[in-house]
Amino acid sequence: MSQVVLITGASKGIGLEIARRLQSDGFNVYGTSRNPEKSGIKDIRLLQMDVTNDETVTQVIQQVMLETGRIDILINNAGYDLYGTAEDTTMEELHAQMDTNFYGTVRVTQTVLAHMREQRSGKIINIGSIGGLIALPLNSAYAASKFALEGYSESLRFEMLPFNVYVSIVEPGQVKTETLNTAFPTTEQQTIFAVEDAATRARARGENVNLKPEHIANTVSKIVKKSRPKLRYAVGSQVPLVVAMRRYLPERVYESMIKQQFIDPVLAK
Ligand SMILES: NC(=O)c1ccc[n+]([C@@H]2O[C@H](COP(=O)([O-])OP(=O)(O)OC[C@H]3O[C@@H](n4cnc5c(N)ncnc54)[C@H](OP(=O)(O)O)[C@@H]3O)[C@@H](O)[C@H]2O)c1
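Residues numbered from 1 in each chain as written. Predicted model: local features only at pLDDT ≥ 70, side-chain atom pairs only at ≥ 80, totals over all residues.

Novice: Before we move on, can you summarise the sheet that holds strand β7 (residues 232–235) with the specific residues and values?
Specialist: Spatial ordering of the open sheet is given by β3-β2-β1-β4-β5-β6-β7, a layout of 7 strands whose pairing is parallel. The outermost strands of the open sheet, each flanked by one partner alone, are β3 (45–48) and β7. Each adjacent strand pair in this sheet contributes to an overall mean axis angle of 20°, direction not counted. Here strand β1 (residues 4–7) runs beside strand β4 (residues 73–76); their pairing, made up of 3 bridges, is parallel. (Pairing = 2+ DSSP bridges. Helix = DSSP H or I, 4+ residues; strand = E, 2+ residues; numbered from the N terminus. Axes fitted to C-alpha atoms, helices over the stretch in contact; angles between N-to-C directions.)

See the structure below:
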């Protein structure tokens, strides 16, 4: 019997690519989307779930359990990237970002933990980000959500080890997906930064990145086949480089590099 995979946010981008890869690897894949019909995806079974909504999360888990009796692998991928200065980000926008990227992951995970613990087996793979390892300016809400995911994943991993359930976090650098086009600036823009310019620059950087959803799918495909996967998997050469720069460069040098690249060009005239 093939292993059952549930992946959130499988209607496009990284999630869709992972779903397709695992399905072709022979797994029984269930994906989720807030609006499966609108997605136009026919080759992956998409169930309606909004990770910010308890009811839809419970319903989907119940349906998968009813149909298959188990969930072997949970992949928490649903998320988006909020651009804008910390000052301009409203509490509502911050809550919404945390509710999808962080609490969304927690909400779905909480709902499968008991099943996996009782099964005495399982894998939970959280899609983190380079943004959870280093925080860039104009991205504080996203960084907060992905830093939170790092802490949550690390702590939960220890708790689940006795039950043969392995928690991992995948940390991609910037990936070429639609998210870069939809990464919207915060609504209020009163500060000195030209936030729209910053978002445009981020999208332009995204056009030049070599990392594609297939690379993340390759990593996830390897993780699910390991009997004891590790906690952290960085994907892309950008990640170890930037993390090493932050760790080993003198703080003033690192700060001035980041400021030159990300702040100076978007200071409003
Ligand atoms: N692209 C990058 O550069 C990059 C880099 C590092 C990490 N990541 C992470 O990778 C993950 C996927 O990003 P992506 O680039 O593939 O984004 P994407 O192309 O915009 O796809 C996002 C997916 O998340 C789903 N989603 C968003 N909000 C949701 C909600 N409230 N409930 C359920 N599903 C929701 C969307 O589904 P529906 O709209 O159909 O509901 C969609 O399938 C995110 O966690 C992101 O932070 C991305």
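Novice: Residue-level account of the environment of D43, with values.
Specialist: Tracing the backbone through its elements, the reader meets D43 in the loop between α2 (36–39) and β3. Measuring from C-alpha to C-alpha, the distance between D43 and L22 comes to 12 Å, with 21 residues separating the pair along the chain.

Novice: Please set out the environment of S11 residue by residue, giving values where relevant.
Specialist: Among the secondary structure elements, S11 is positioned in the loop between β1 and α1 (13–24). Residue S11 is classed as buried on the basis of its 20 C-beta neighbours within 10 Å. The sequence separation of S11 and V60 amounts to 49 residues, and the corresponding C-alpha distance is 15 Å. Excluding anything up to four places from it in sequence, S11 contacts L16, S33, S39, I41 and L46. (Buried ≥ 20, exposed ≤ 12 C-beta atoms within 10 Å, placed from the backbone. Contact = placed C-beta atoms within 7 Å.)

Novice: Tell me about the site of the ligand, and name the residues and values.
Specialist: G9, G13, S33, R34 and G79 are the nearest of the 33 residues found near the ligand. Elements with a contribution of two residues or more to the shell around the ligand: α1, β2 (28–33) and α7 (179–182). Across the shell around the ligand, the residue classes break down as 9 nonpolar, 19 polar and 5 charged. (Near = placed C-beta within 6 Å. Nonpolar A, V, L, I, M, F, W, Y, C, P; charged D, E, K, R; others polar.)

Novice: Give me the lowdown on the confidence of the model for the chain, citing residues and values where you can.
Specialist: Averaged over all residues, the pLDDT of the chain equals 93, while 93% of them reach at least 70. At the level of individual helices and strands, the chain shows its lowest average pLDDT in α7, which scores 68, and its highest in β4, which scores 99. (pLDDT = per-residue confidence, 0-100.)

Novice: Describe the packing of helix α4 (residues 91–101) against helix α6 (residues 140–160), naming the residues involved and giving the relevant values.
Specialist: Closest axis-to-axis distance for the α4/α6 pair is 9 Å, and the angle between their directions is 35°. The handedness of the crossing between α4 and α6 comes out as right-handed. In contact with E93, L94, Q97, M98 and N101 of α4, α6 contributes A141, Y142, A144, S145 and K146. Here the residues of the contact of α4 with α6 sort into 5 nonpolar, 3 polar and 2 charged. (Left-handed = near helix turned anticlockwise from the far one by under 90°.)

Novice: Any details on the packing of helix α3 (residues 54–68) against helix α5 (residues 103–119)? Residues and values, ideally.
Specialist: Taken N-terminus to C-terminus, the directions of α3 and α5 make an angle of 35°; their axes are 9 Å apart at the nearest point. In the packing of α3 onto α5, the handedness of the crossing is right-handed. Where α3 abuts α5, its residues D54, V57, T58, I61 and M65 lie against R107, V108, T111, V112 and H115. Looking at the contact of α3 with α5, its residues break down into 5 nonpolar, 3 polar and 2 charged.

Novice: Give a description of α1 that names residues and reports values.
Specialist: With 12 residues, α1 ought to run about 16 Å at 1.5 Å a step, and its terminal C-alpha atoms sit 17 Å apart, in line with that. Listed as buried for α1 are G13, I14, G15, L16, E17, I18, A19 and L22. (Expected span 1.5 Å × (residues − 1).)

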